[in-house]
Amino acid sequence: MDDGGRRGPATHGTIAAEVLPAAAERAPSARRGIGLSGRLLVLTIAFVMLAEVLIYVPSVARFQNSWLSDRLAAAQIAALVLDADAEGPVGEAVERKLLEGVGAELVAVRGGGTRRLLAMDTMPPAIDRTVDLRDQSLVDSVRAAFATLTRPNGGAMRVIGPGTGAQAQEIDFVEIVIDPAPLRTALIGFSINILILSLIISAITAGLVFLALELVIVRPVRRLSTNIARFSEEPEDAARIIVPSDRTDEIGVAERALERTERALAQELRATRRLAELGLGVAKINHDLRNMLASAQLVADRMVEASDPTVQRFAPRLVATLQRAIDFSEATLAYGRAVEPEPDRRPVRLLDVLADLDDVPGLSRAREDGEGTDESGEGPVRLVLAVPDDLLVDADRAQLARVFVNLARNAVRALAKAPSGARALTIEAWREEGACHVRVSDNGPGLPARAVAHLFEAFKGASGGTGLGLAICAEIVRLHGGRIAHEPDRPGACFLVVVPDREKTVAA
């Protein structure tokens, strides 16, 4: 009784901590590291830069091809100007000026079966690489552009392209030899411009995306997480329940779902606290009531020995009533203290488990010679076992035996109220799909309709008992990964217990 008094305040003060310990431990005291907004900003910049890189690669190839095409067009024009000179061959100085204007060391134009050659020097420079624009794929263009960028000291470049302008059909190709340094300088300038433009676009895009995500997603999510952490500190405080916004998107759905969850949890915790306080009071009452009932039982036992016929007739009923009251008190206290341990499962014969039924008062095992049966309805309930001798069940023997003992006691109690006639409890078992199926049925009046709705809930028994027996049965079977179910379509009270092997699970 003193122990119970000491446990009561502790239970009252630590309900929230026991229900939500993990949430309380994880509640952050300060924000650390890069938040969601910062990560979104970094990812946005990275994705924009990646997009710019994918744009830059073909752009730099097109830039080089355009730059070279301009040089080829200028070389073609220079060659045509020299061919159109009516006064005769031009001087070397004029030819050099034309080549310098083109930016080439050598120009060759072929058309009409002839080839026109213009050279800066009598000896052409050594060719390092050749770029042919007449039949060049995108991959070849990209390779050529990056070859120009990555060779700061490359040799002369030979460039070949088709004729352009009005004389394009008369010219087979135009060929020039140039120094790639000016082209590389132009490519570097183009790349720098692309980089600056990419940074500007990235900054603007990332800023806009950041603001949009901050307003639309990050702030509502931060509000949700802050409310969860705040609610976990004091879940019974109704003021900490989130007030959902008018949003109709997923954030709004999450807010409304969180509000329902927090309200239900707060209500459940308040009910749990009241039950804890009520349980403390019931434990104290039961403690004193059990002592008083024990004293009353001693007096009733003395009354049984009296010679008065009236006393002899009512004393056994009084003793039975007192015993039921004592059993009720003890069962209530035991249920509040006990927590079923994890089952120690191993293969065991089901008949060995059912051997504990021999100790159930009012239950007698049927024999082949008929002895032990009573058709009058006044004798013990006949136990009929239809269980194969070699049927194994993968279970904790002691726990599973409690299940069948509880079911048998309920059947004996129900059959005591049945009309006269053969009273029997039948247990049949079989294996199916890796599980042991056991059906426990009696030929009594069955269960009342009001008892079926809360059949496996404690303290809701509708047949004069506490309802703890079936609640304990359901808890033990669930610990084994199985299920227990009432079968209303069969006569009497019928229960099916399914205990699967450890390799399988049984859906409820």
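Residues numbered from 1 in each chain as written. Predicted model: local features only at pLDDT ≥ 70, side-chain atom pairs only at ≥ 80, totals over all residues. Heavy atoms only, no water.

Draft legend 1. View of the overall build of the protein chain. In terms of helices and strands, the protein chain carries 13 helices and 13 strands. Out of the 508 residues belonging to the protein chain, those deemed buried represent 34%. About 29,800 Å² of surface is accessible on the protein chain, with carbon and sulfur atoms providing 57% of the total. (Helix = DSSP H or I, 4+ residues; strand = E, 2+ residues; numbered from the N terminus. Buried < 20%, exposed > 50% of the residue type's maximum accessible area, 1.4 Å probe, protein only. Areas by Shrake-Rupley, 256 points an atom, 1.4 Å probe, with all protein chains shown as cover.)

Draft legend 2. The arrangement of the pattern of salt bridges in detail. Per the counting criterion, the structure on display carries 16 salt bridges. Ionic pairing is found between D344 and R346, a salt bridge with its closest N-O pair at 2.9 Å. Taking relative accessible area as the criterion, D344 reaches 45% and is therefore assigned partly exposed. Between E487 and R439 there is a salt bridge; the shortest N-O distance is 2.8 Å. Here E487 is found in the loop between β12 (483-486) and β13 (494-500), whereas its partner R439 is found in strand β11 (residues 435-442), with 48 residues between them in sequence. Judged by relative accessible area, which is 10%, R439 ranks as buried. Each of E428, R439, E487 and R490 takes part in salt bridges that share partners, so that together they form one network. (Salt bridge = Lys/Arg side-chain N within 4 Å of Asp/Glu carboxyl O.)

Draft legend 3. How the structure looks around the pairing of β12. The two faces of β12 differ: I484 and H486 on one face are buried, but R483 and A485 on the other face are not. By the bridge criterion, 4 bridges tie β12 to β13 in an arrangement that is antiparallel. Directly across from H486, in β13, lies its bridge partner F495. (Pairing = 2+ DSSP bridges.)

Draft legend 4. Molecular detail of unusual backbone geometry. Phi at E433 takes a positive value of approximately 55 degrees, unusual for a residue other than glycine. Relative to the helices and strands, E433 is located in the loop between β10 (424-432) and β11.

Draft legend 5. Quick peek at the environment of G362. Along the chain, G362 turns up in the loop between α10 (350-354) and β7 (363-365). Residue classification places G362 among the partly exposed positions, given a relative accessible area of 37%. Separated by 46 residues in the primary sequence, G362 and A408 have C-alpha atoms spaced 9.7 Å apart. Setting aside residues up to four positions removed in sequence, G362 forms contacts with P380, V381 and V412. (Contact = heavy atoms within 4.5 Å.)

Draft legend 6. Local environment of the nonpolar core. One finds L350, L357, L363, V393, F404, L407 and V438 to be the most contacted residues of the largest nonpolar core, which totals 42 residues. Going through the elements one at a time, α10, β8 (381-386), β9 (392-395), α11 (397-415), β10, β11, α13 (468-479) and β13 are the ones with two or more residues in this core. Setting aside chain neighbours within four positions, we find L363 in contact with L357, P380, V381, L383, A408, V412 and L425. Among the nonpolar cores identified, the runner-up in size contains 29 residues, and A75, V142, I176 and L183 belong to it. (Core = buried A, V, L, I, M, F, W, Y, C linked by side-chain atoms within 4.5 Å.)

Draft legend 7. Representation of the packing of aromatic side chains within the structure. Counted according to the given criterion, the structure contains 2 aromatic pairs. Aromatic side chains Y56 and F146 sit 6.4 Å apart centroid to centroid with 85 degrees between the ring planes, which places their arrangement in the edge-to-face category. Of this pair, Y56 sits in helix α4 (residues 36-83) while F146 sits in helix α6 (residues 138-149), placing them 90 residues apart in sequence. The class of F146 is partly exposed, set by a relative accessible area of 30%. Relative to F190, the ring of F63 lies with its centre 4.7 Å away and its plane at 15 degrees, an arrangement referred to as stacked. Of this pair, F63 sits in helix α4 while F190 is found in helix α7 (residues 180-233), placing the two residues 127 residues apart along the sequence. (Phe/Tyr/Trp six-rings, centres within 6.5 Å; stacked < 30°, edge-to-face > 60°.)

Draft legend 8. Up close: a nonpolar patch on the surface. A contiguous nonpolar surface patch, about 540 Å² in accessible area, is contributed by I188, I192, I196, I200, I204 and L208. Take I200: its relative accessible area is 46%, and that puts it in the partly exposed class. (Patch = residues over 30% accessible without salt bridge, like charges linked within 9 Å, V, L, I, M, F, W, Y side chains within 5 Å.)

Draft legend 9. The packing of α6 against α7, seen in detail. Running from amino to carboxyl end, α6 crosses α7 at an angle of 100 degrees, the nearest separation of the two axes being 9 Å. Viewed along their axes, α6 and α7 adopt a mutual orientation that is roughly perpendicular. Across from A145, T148 and L149 in α6, the residues of α7 making contact are P180, L183, R184, L187, I188 and S191. Broken down by class, the residue content of the contact of α6 with α7 amounts to 6 nonpolar, 2 polar and 1 charged. (Axes fitted to C-alpha atoms, helices over the stretch in contact; angles between N-to-C directions. Parallel < 35°, antiparallel > 145°, perpendicular 65-115°, else oblique. Nonpolar A, V, L, I, M, F, W, Y, C, P; charged D, E, K, R; others polar.)

Draft legend 10. Quick look at the environment of D358. You can see D358 is positioned in the loop between α10 and β7. The class of D358 is partly exposed, set by a relative accessible area of 44%. Linking D358 and L383, residues 25 residues apart in sequence, is a C-alpha distance of 9.2 Å.

Everything listed here is a matter of geometry and, on its own, says nothing about what the molecule does.
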